[in-house]
Amino acid sequence: MKILPRYLASEVLLNTLFVFTALVTLFAFFDLIQELGSLKGGYGLLNILAFVGLSLPGHIYDLLPVAALIGTIFALSRLVANSEFTIMLVSGVSMAKMALYLMLVGLLFALLTFTFGEFVAPASERYAQQSKLKATNRLVAQSFRSGLWVRDGQDFINIREVTPDIQLRDINIYEFDTDFRLQTIRHAERGDYQRNNQWKLTGITDTRFSGGDVNVTQAPDTLWRSVLTPGVMSVLLIAPEKMSAGNLWSYIEHLRKNKQTAERYEIALWSKLFYPLAAPVMMLLALPFAYHRPRAGGVSARILGGIMVGLGYHLLNRLFAYLGLLNDWPPLFSASLPTLLFLILAVVLIRKAQRQ
């Protein structure tokens, strides 16, 4: 019985690797075509190739569950066509055991998905965006025309410009007392991150309000402690869905401390934790595809069905994320429901196949 799990795992892994390579190559080609439209000036062909290469880990993270689904369908369809699947069932291997074997292989894909989503893809995506912005001499887009606004305890911070290497320019810090009376306006021409939540501000002008007096002082530089860090500022470069769980958690804590809404980031955090589980769930869905009416339809029809299921999962995942934001659903519910629905669907289809 040890031979069967190894044989099944090898077939699934080989076919999934083939499908995965094809999908990643296809998406990289699409990225290349899209970026060629931006070919100009300092953003040359080498910069485009570097950007496409750095975007690959993000595609790997997104495509691993879909590739696992299609690869498993392809592998099981070949076993059905060669009557190997039927021999396995006749030999005493139940559908439950077959599902268990697939789940064990799926846990490997889940681990790979989590690793790329947490450690590889966020860093490469951030570096890709930084490299592109540097090459095109562009600044990070801001939330408002007046710049980026951040609350830090009793202080309100306005940053007009943020460069791709997380350098702050044209900074205004409005300091209030506990009754929210304006005490000081500090303007700095530039801010460079040092360490331990400290920034070095240069070109400083402080305007202090005390009673009816206004005092203005200037200084060449000073150290400024703030909750802002390059990790927090990285949310300007990449979407919350592409951030690491660690950075999402830090930013959510920052928003909560400053009594700001964090639902979008909470949904992204829970989605980040649940998405790796999509790989074993998708592989469970592949089992009834191969078992149901084994002589009807070809491999291409089953693969097309698998692609539609994978697309359906992605669409449902995004749909519930938006619905959660609109209807103020609990973030855990919005993030976990698509995976739970597809898991229930897989169990129902496997039981139905067993009865037949």
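The structure reproduced in this document is the subject of the present report. For clarity, every value in this text was computed on a predicted model and none was experimentally measured. (Residues numbered from 1 in each chain as written. Predicted model: local features only at pLDDT ≥ 70, side-chain atom pairs only at ≥ 80, totals over all residues. Heavy atoms only, no water.)

Some thoughts on the side chain of Gln167
What counts here: For the purposes of this entry, the term helix denotes a DSSP run of H or I that reaches at least four residues, the term strand denotes a run of E that reaches at least two, and both are numbered from the N terminus. Three exposure classes are used, based on accessible area relative to the maximum for each residue type with a 1.4 Å probe and protein chains only: buried under 20%, partly exposed in between, and exposed over 50%. Whenever two N or O atoms come within 3.5 Å, that pair is a polar contact, provided that in protein one can donate a hydrogen and the other can accept it, and provided that, for residues adjacent in sequence, both atoms are side-chain atoms. Here a residue-residue contact requires only that any non-hydrogen atoms of the pair lie within 4.5 Å.
Assignment of secondary structure puts Gln167 in the loop between strand S2 (155–162) and strand S3 (168–176). Its relative accessible area of 14% is what places Gln167 among the buried residues. Within the structure, Gln167 has its side chain in polar contact with the side chain of Arg169 (distance 3.2 Å). In terms of polar contacts, Gln167 uses its side chain to reach the side chain of Asp192, at 3.1 Å. Beyond its immediate sequence surroundings of up to four residues, Gln167 is in contact with Glu161, Val162, Arg190, Gly191 and Asp192.

Quick word on the packing of aromatic side chains
Worth spelling out the cut-off: Pairing of aromatic rings covers Phe, Tyr and Trp, the last counted by its six-membered ring, and requires centre-to-centre distances within 6.5 Å; plane angles under 30 degrees mean stacked, over 60 mean edge-to-face, and any other angle means tilted. By the criterion adopted, a ring carries a charge over it if an Arg CZ or a Lys NZ lies within 6 Å of its centre and within 35 degrees of its normal.
For the structure on display, the rule yields 14 aromatic pairs. Judged by centre distance (4.9 Å) and plane angle (65°), the ring pair of Tyr251 and Tyr265 falls under edge-to-face. Residue Tyr251 is found in helix H6 (residues 245–257), and its partner Tyr265 is found in helix H7 (residues 263–274); the two are separated by 14 residues along the sequence. Given a relative accessible area of 14%, Tyr251 falls into the buried group. The exposure class assigned to Tyr265 is buried, which follows from its relative accessible area of 16%. Judged by centre distance (5.7 Å) and plane angle (80°), the ring pair of Trp329 and Phe333 falls under edge-to-face. In this arrangement the basic side chain of Lys132 is found over the ring face of Phe51, its NZ or CZ atom lying 5.1 Å from the centre.

A word on the packing of H7 against helix H10 (residues 331–355)
Put simply, the rule reads: Every axis in this analysis is a line fitted to C-alpha atoms, fitted for helices over the stretch in contact. Angles between the N-to-C directions lie between 0 and 180 degrees. Take the far helix as the reference: if the near one is turned anticlockwise from it by less than a right angle, the crossing is left-handed, and if turned clockwise, right-handed. Any residue that is not Ala, Val, Leu, Ile, Met, Phe, Trp, Tyr, Cys, Pro, Asp, Glu, Lys or Arg is counted as polar, Gly included; the first ten are nonpolar and the last four charged.
Where H7 contacts H10, the two axes come as close as 8 Å, and the packing angle between them is 35°. The handedness of the crossing between H7 and H10 is right-handed. Contacts from Glu266, Ile267, Trp270, Ser271 and Phe274 of H7 reach H10 at Pro331, Leu332, Ser334, Ala335, Ser336 and Thr339. Per-class residue counts for the contact of H7 with H10 are 6 nonpolar, 4 polar and 1 charged.

Brief notes about the pattern of salt bridges
Pairs can form between side chains of opposite charge once their charged atoms are near each other. Condition: We count a salt bridge whenever a side-chain nitrogen from Lys or Arg sits within 4 Å of a carboxyl oxygen from Asp or Glu.
Evaluation of the coordinates by the stated rule reveals 10 salt bridges. With a shortest N-O distance of 3.2 Å, Glu35 and Lys132 are connected by a salt bridge. Here Lys132 lies in helix H4 (residues 95–135) and Glu35 lies in helix H1 (residues 3–36), a separation of 97 residues in the sequence. Here Glu35 falls in the buried class, since its relative accessible area comes to 6%. For Lys132, a relative accessible area of 17% puts it in the buried group. Linking Arg186 and Asp206 is a salt bridge whose minimum nitrogen-to-oxygen distance equals 2.8 Å. A residue pair is termed long-range when its members are at least 10 positions apart, and Arg186 in strand S4 (residues 182–193) and Asp206 in strand S5 (residues 198–210) qualify at 20 residues. For the pair shown, Arg186 and Asp206 are each scored as buried. Here the residues in one salt-bridge network are Asp177, Asp179 and Arg181, joined through shared partners.

Let's talk about the pairing of S4
Worth spelling out the cut-off: When DSSP locates at least two bridges between a pair of strands, those strands are taken to pair.
Examined bridge by bridge, S3 and S4 share 8 bridges and lie antiparallel to one another. When the bridges of S4 are listed, Arg169 appears paired with Arg190. The pairing of S4 with S5 spans 9 bridges and is antiparallel. Within S5, the residue paired with Arg190 across the bridge is Thr202. Here S4 folds back onto S5, and the loop between the two strands holds 4 residues, one of which, Asn196, carries a positive phi near 50°.

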